[in-house]
Amino acid sequence: MVDYFPLLKYIPSWFPGATFKQKAKVWAQEVLDLNELPWKDVKSFIASGTAIPCIATDGLEKFSSQLDEMEEILKNVCGISYAAGGDTTSALLLNMVVALVCYPEIQKKAQAELDVVVGPERLPDFNDRKRLPYVECILKETQRMWPSLPLGVDHYSVSDDFYEEYFIPKGTTIVGNVWAILHDKTIYNDPMIFKPERFLEQSGKRCPPDPTLYSFGFGRRICPGRYLALDNSWMMIACILAAFTIEKALDINGNEIEVTTQHSNDALSFPMPFRCRFTPRSPQALNLLETGFTVLWVKRWPNKFGIPNIRCQSVFFLLGLPYKPGVTF
Ligand code: HEM
């Protein structure tokens, strides 16, 4: 509000109606805490020898001789990654789970693909990704149908500009309507229908544009975490699909509890709370759940950007299980 009406910043916080100033004070402290408190924790874990390898421990080790100038930067990189990457990625994952619950035939098709390519003895990994086109299509279609940030993040024109017949004066707020682009029926056929197949590459067929082009923002401020977000989300959903069948939860009479595809109306669009059941697909799947992530972590991505940590934590979060640092799923 103050950005739009700069005079408001001179109103004292006790002035009737100026509650935004009191709120801003509380929120400012919360933002500072988000940066400072986890950083303090990491440093105390390092001191006590209990830290698990992650981007923060890597950075502190790598720049140990330049900490005077680098520590503030490292702390801010970690803080903004958490602030910008946590809820957005969770929203995408929860949307994929909603889709799998609501459309069991889509879930079955993805599992059939995984069974052929990966089999029941191990969890999927990035080497399998190219051979799992349908799982990729689910990731794309979820971003199209329910983008995590339907109106993106506002931009601001730094100089006078023209777009087609529109004059855009310097200082105009520009809202990129991601939702409208991704539901444009001239680009995406039947845009209100969840249809991963639309992104399946087949000879003689032209696929619509990848929603990733829009769902991570635009121009030079485009999301720098998009590759991590997409890799992380792909790995999560591929592993969940390989190991579980996800169905609607049952009430006390054994009837299925309906799941809606409605969403919150906030800047960040989460599915409305829903209940579902995760059932291991087989005894081997259950075994993989106990050992699979340890194997992936140790063998494939030792200590790289903390990705395995984030992934394991998210799986625990999604399943509503308490996450213990250092314990892999
Ligand atoms: C599904 C997950 C994610 C979505 C949908 C998403 C979406 C977005 C969008 C729409 C923007 C605004 C871009 C613009 O101004 O046009 C943005 C900015 C940003 N994102 Fe993401 N993001 C996700 C995950 C992440 C992750 C995992 C990280 C970091 C690890 C991250 C870091 C950032 C940062 C630092 C910015 C600000 C960039 C700037 O202003 O220059 N995001 N993101």
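- The name an unreviewed UniProt entry assigns to the chain is Cytochrome P450, from the organism Dendrothele bispora.
- UniProt's Pathway (unreviewed entry) comment on the chain is quoted here verbatim: "Secondary metabolite biosynthesis."

**Focus: the overall build of the chain**
Step number 1: Within the chain, the regular secondary structure consists of 10 helices and six strands.
Step number 2: When burial is assessed residue by residue, the chain has 38% of its 329 residues classed as buried.
Step number 3: For the chain, contacts bridging at least 24 residues in sequence account for 64% of all contacts bridging at least 6.
Step number 4: Split by element, the accessible area of the chain, about 20,000 Å² in all, is 60% carbon and sulfur.

**As for the coordination of the iron atom of the ligand**
Under ideal tetrahedral coordination, the four donors around a metal are separated by 109.5 degrees; under ideal octahedral coordination, the six donors are separated by 90 or 180 degrees.
Step number 1: You will see that the iron atom of the ligand has only one donor from the protein, Cys223 (SG), lying 2.3 Å away.
Step number 2: Within the secondary structure layout, cysteine 223 lies in the loop between helix H7 (212–215) and helix H8 (226–243).

**Concerning the site of the ligand**
Step number 1: Taken together, 21 residues lie near the ligand, and His155, Gly217, Phe218, Arg221 and Cys223 sit nearest.
Step number 2: Note that an oxygen atom of the ligand is positioned 3.0 Å from one of the backbone N or O atoms of phenylalanine 218.
Step number 3: Within the side chain of arginine 221, a nitrogen or oxygen atom sits 2.6 Å from an oxygen atom of the ligand.
Step number 4: Counting only elements with at least two residues in the shell around the ligand, the list comes to helix H3 (67–102) and H8.
Step number 5: The element contributing the most residues to the shell around the ligand is H3, with seven residues.
Step number 6: By residue class, the composition of the shell around the ligand is 11 nonpolar, nine polar and one charged.

**Structural notes on the nonpolar core**
Step number 1: Ranked by internal contacts, the top residues of the largest apolar core, which has 47 residues, are Met96, Leu114, Val135, Ile138, Trp234, Leu241 and Ile246.
Step number 2: Per-element tally for this core: the top contributor is H8, with 12 residues.
Step number 3: Every residue in contact with methionine 96, bar those within four places of it in the chain, is listed here: Ile138, Leu139, Thr142, Ser233 and Ile237.
Step number 4: With seven residues, the next largest nonpolar core counts Val42, Cys54, Ala56 and Leu74 among its residues.

**Looking at the pattern of salt bridges**
Step number 1: Within this structure, the stated rule accounts for 15 salt bridges.
Step number 2: The partner of arginine 129 in a salt bridge is aspartate 231, and the shortest N-O contact between them spans 2.8 Å. With arginine 129 in the loop between helix H4 (104–117) and helix H5 (133–145) and aspartate 231 in helix H8, this residue pair connects regions lying 102 residues apart in the sequence.
Step number 3: Using a relative accessible area of 18% as the deciding quantity, one classes arginine 129 as buried.

**Describing the UniProt feature "binding site: heme" (unreviewed entry) in the chain**
Step number 1: Summarizing the sequence annotation, UniProt attributes the feature "binding site: heme" (unreviewed entry) to Cys223 in the numbering used throughout.
Step number 2: Exposure remark for cysteine 223: the relative accessible area of 26% places this residue in the partly exposed category.

**Describing the packing of aromatic side chains**
The geometry of an aromatic ring pair is captured by the separation of the ring centres together with the interplanar angle, meaning the angle of the planes.
Step number 1: Under the counting rule described, the total for this entry stands at seven aromatic pairs.
Step number 2: Arranged with centres 6.1 Å apart and planes meeting at 55°, the rings of tryptophan 14 and phenylalanine 15 form a pair that is tilted.
Step number 3: Residue classification places phenylalanine 15 among the partly exposed positions, given a relative accessible area of 42%.
Step number 4: Ring geometry for phenylalanine 162 versus phenylalanine 167: centroids 5.3 Å apart, planes at 50°, classification tilted.

**Some remarks on the state of the cysteines**
Step number 1: Enumeration according to the criterion identifies zero disulfides in this entry.
Step number 2: Take cysteine 102: it sits in no disulfide, and the sulfur closest to it among the cysteines is that of cysteine 276, at 9.8 Å.

**Concerning the confidence of the model for the chain**
Step number 1: Overall, the prediction assigns the chain a mean pLDDT of 87, with 88% of residues at 70 or greater.
Step number 2: With pLDDT under 50 throughout, residues 294–329 is counted as low confidence; its partners more than four residues away or in other chains account for 70 contacts.

**So, the packing of H5 against H8**
Step number 1: Where H5 meets H8, the axes come as close as 10 Å, and the angle between the chain directions of the two elements is 120°. Regarding the angle of H5 to H8, the classification is oblique. In terms of crossing hand, the pair formed by H5 and H8 is right-handed. Judged by residue contacts, Val135, Glu136, Leu139 and Gln143 of H5 engage Leu230, Ser233, Trp234, Ile237, Ala238 and Leu241 from H8.
Step number 2: Partitioned by chemical class, the residues of the contact of H5 with H8 number seven nonpolar, two polar and one charged.

**A word on the environment of asparagine 255**
Step number 1: Counting through the fold element by element, asparagine 255 comes out in the loop between strand S5 (244–248) and strand S6 (276–280).
Step number 2: Those residues in contact with asparagine 255 that sit more than four places away from it in its chain are Ala249 and Leu250.

**Side note on a nonpolar patch on the surface**
Step number 1: Together, Met1, Tyr4 and Phe5 give the surface a local cluster of nonpolar side chains, amounting to about 400 Å² of exposed area.
Step number 2: Structurally, the position occupied by tyrosine 4 is in the segment before helix H1 (19–48).

Definitions and cut-offs
- Residues numbered from 1 in each chain as written.
- Predicted model: local features only at pLDDT ≥ 70, side-chain atom pairs only at ≥ 80, totals over all residues.
- Heavy atoms only, no water.
- UniProt positions renumbered as here; feature names shortened; annotations may be inferred.
- Helix = DSSP H or I, 4+ residues; strand = E, 2+ residues; numbered from the N terminus.
- Buried < 20%, exposed > 50% of the residue type's maximum accessible area, 1.4 Å probe, protein only.
- Contact = heavy atoms within 4.5 Å.
- Areas by Shrake-Rupley, 256 points an atom, 1.4 Å probe, with all protein chains shown as cover.
- Donors = N, O, S within 2.8 Å, 3.2 Å for Na, K, Ca; no water.
- Near = heavy atom within 4 Å.
- Polar contact = N/O pair within 3.5 Å; in protein donor to acceptor, adjacent residues only side chain to side chain.
- Nonpolar A, V, L, I, M, F, W, Y, C, P; charged D, E, K, R; others polar.
- Core = buried A, V, L, I, M, F, W, Y, C linked by side-chain atoms within 4.5 Å.
- Salt bridge = Lys/Arg side-chain N within 4 Å of Asp/Glu carboxyl O.
- Phe/Tyr/Trp six-rings, centres within 6.5 Å; stacked < 30°, edge-to-face > 60°.
- Disulfide = S-S within 2.5 Å.
- pLDDT = per-residue confidence, 0-100.
- Axes fitted to C-alpha atoms, helices over the stretch in contact; angles between N-to-C directions.
- Parallel < 35°, antiparallel > 145°, perpendicular 65-115°, else oblique.
- Left-handed = near helix turned anticlockwise from the far one by under 90°.
- Patch = residues over 30% accessible without salt bridge, like charges linked within 9 Å, V, L, I, M, F, W, Y side chains within 5 Å.

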